[in-house]
Amino acid sequence: MGIRFILMVNKQGQTRLAQYYEWLTLEERRALEGEIVRKCLARNDQQCSFVEHRNYKIVYRRYASLFFMVGVDDDENELAILEFIHLLVETMDKHFGNVCELDIMFHLEKAHFMLEEMVMNGCIVETSKANILSSIQLMDKAH
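Numbers given for residues are sequential positions, taken from 1 along each chain in its written order. Selection of residues for local features in this predicted model requires a pLDDT of at least 70, selection of side-chain atom pairs for listing and counting requires 80 or more, and totals for whole chains, interfaces and linings are taken over all residues. As a rule here, side-chain values cover all heavy atoms of the structure and leave hydrogens and water aside.

The protein chain is annotated in an unreviewed UniProt entry as AP complex subunit sigma from Camelina sativa. UniProt positions are given in the numbering used here, feature names are shortened, and annotations may be inferred rather than shown by experiment. You can read under Sequence similarities (unreviewed entry) in the UniProt record for the protein chain the words "Belongs to the adaptor complexes small subunit family."

Right under this line is the structure:
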């Protein structure tokens, strides 16, 4: 398994979306998120986007007011994960039109649905924006 968790966090450190692909208790998740968010938000723009924490490698990227953080295994390719984060943001941009924190907050189920279309059991299974968005558009038409 490659991806262990995906977090979307605002600049104040509040988690807006969390998706885990391994079992952790709520207390463990809360502690892990707090540690990772503090560590990543304390870094400046000149530092690289990779941080080691516990037994994870954290790959993160900031887009506007949101930080996208992905926890992966040590042997995972950091650049591939950065590309995945970019694909996720581009897909959300295409659907929401320049995605922002409020889009995630008010359409949390769609954000999770996009992730579920892209990642299954910690493995990236879909990279086509058209394929990812087609099922969401079908869901929108049903409402």
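A word on the sheet that holds strand β4 (residues 56–63). One open sheet holds the 5 strands; their spatial order is β2-β1-β5-β4-β3, and the pairing between them is antiparallel. Across the chains shown, the open sheet's two edge strands, defined by having one partner strand only, are β2 (15–20) and β3 (50–53). Across this sheet, the average inter-strand angle for adjacent strands is 20°, counted without regard to direction. We call two residues in contact when some of their heavy atoms are within 4.5 Å. A fitted line through C-alpha atoms serves as each axis, taken over the contacting stretch for helices, and the angle formed by two N-to-C directions is quoted from 0 to 180°. Think of it this way: any DSSP run of H or I at least four residues long counts as a helix, any run of E at least two long counts as a strand, and we number them from the N terminus. Each of β1 (3–10), β2, β3, β4 and β5 (66–72) touches helix α1 (residues 26–41); the most contacted strand, β3, lies at about 140° to it. Relative to β4, helix α2 (residues 78–96) is tilted by about 40°, and along the sheet it contacts β1, β3, β4 and β5. By definition, two strands form a pair when at least two bridges between them are found by DSSP.

Our next topic: unusual backbone geometry. Residues other than glycine seldom take positive phi values, yet Arg54 does so here, at roughly 50°. Locating Arg54 in the fold gives a position in the loop between β3 and β4. Of note in the backbone geometry, Ala64 takes a positive phi value of approximately 55° without being a glycine.

In this section: the pairing of β5. Using a 1.4 Å probe on the protein chains alone, a residue whose accessible area is under 20% of its type maximum counts as buried, one over 50% counts as exposed, and one in between counts as partly exposed. Among the 7 residues in β5, 7 count as buried, and that is most of the element. Judged by which residues are buried, β5 turns out to be covered on both faces: Leu66, Phe68, Val70 and Val72 on one side and Phe67, Met69 and Gly71 on the other are all buried. As paired strands, β4 and β5 are joined by 7 bridges and run antiparallel to one another. Bridged to Tyr60 within β5 is Met69. What sits between β4 and β5 in their antiparallel hairpin is a turn of 2 residues, with Ala64 showing a positive phi close to 55°.

With that settled, the discussion passes to the packing of α2 against helix α4 (residues 108–118). For the pair α2 and α4, interaxial distance at closest approach is 11 Å and the crossing angle is 135°. Here α2 lies oblique to α4, going by the angle between them. Regarding α2 and α4, the two cross each other, and that crossing is right-handed. Here Phe84, Leu87, Leu88, Thr91, Met92, His95 and Phe96 of α2 lie close against α4, whose contacting residues are Lys110, Ala111, Met114, Leu115 and Met118. Here the contact of α2 with α4 is composed, by residue class, of 9 nonpolar, 2 polar and 1 charged. Note on angle classes: values under 35 degrees are labelled roughly parallel, values over 145 roughly antiparallel, values of 65 to 115 roughly perpendicular, and the remainder oblique. Definitions for this section: a left-handed crossing has its near helix turned counterclockwise from the far helix by less than a right angle. A right-handed crossing has that turn clockwise. Three categories are distinguished: nonpolar for Ala, Val, Leu, Ile, Met, Phe, Trp, Tyr, Cys and Pro, charged for Asp, Glu, Lys and Arg, and polar for the others, with Gly belonging to the last.

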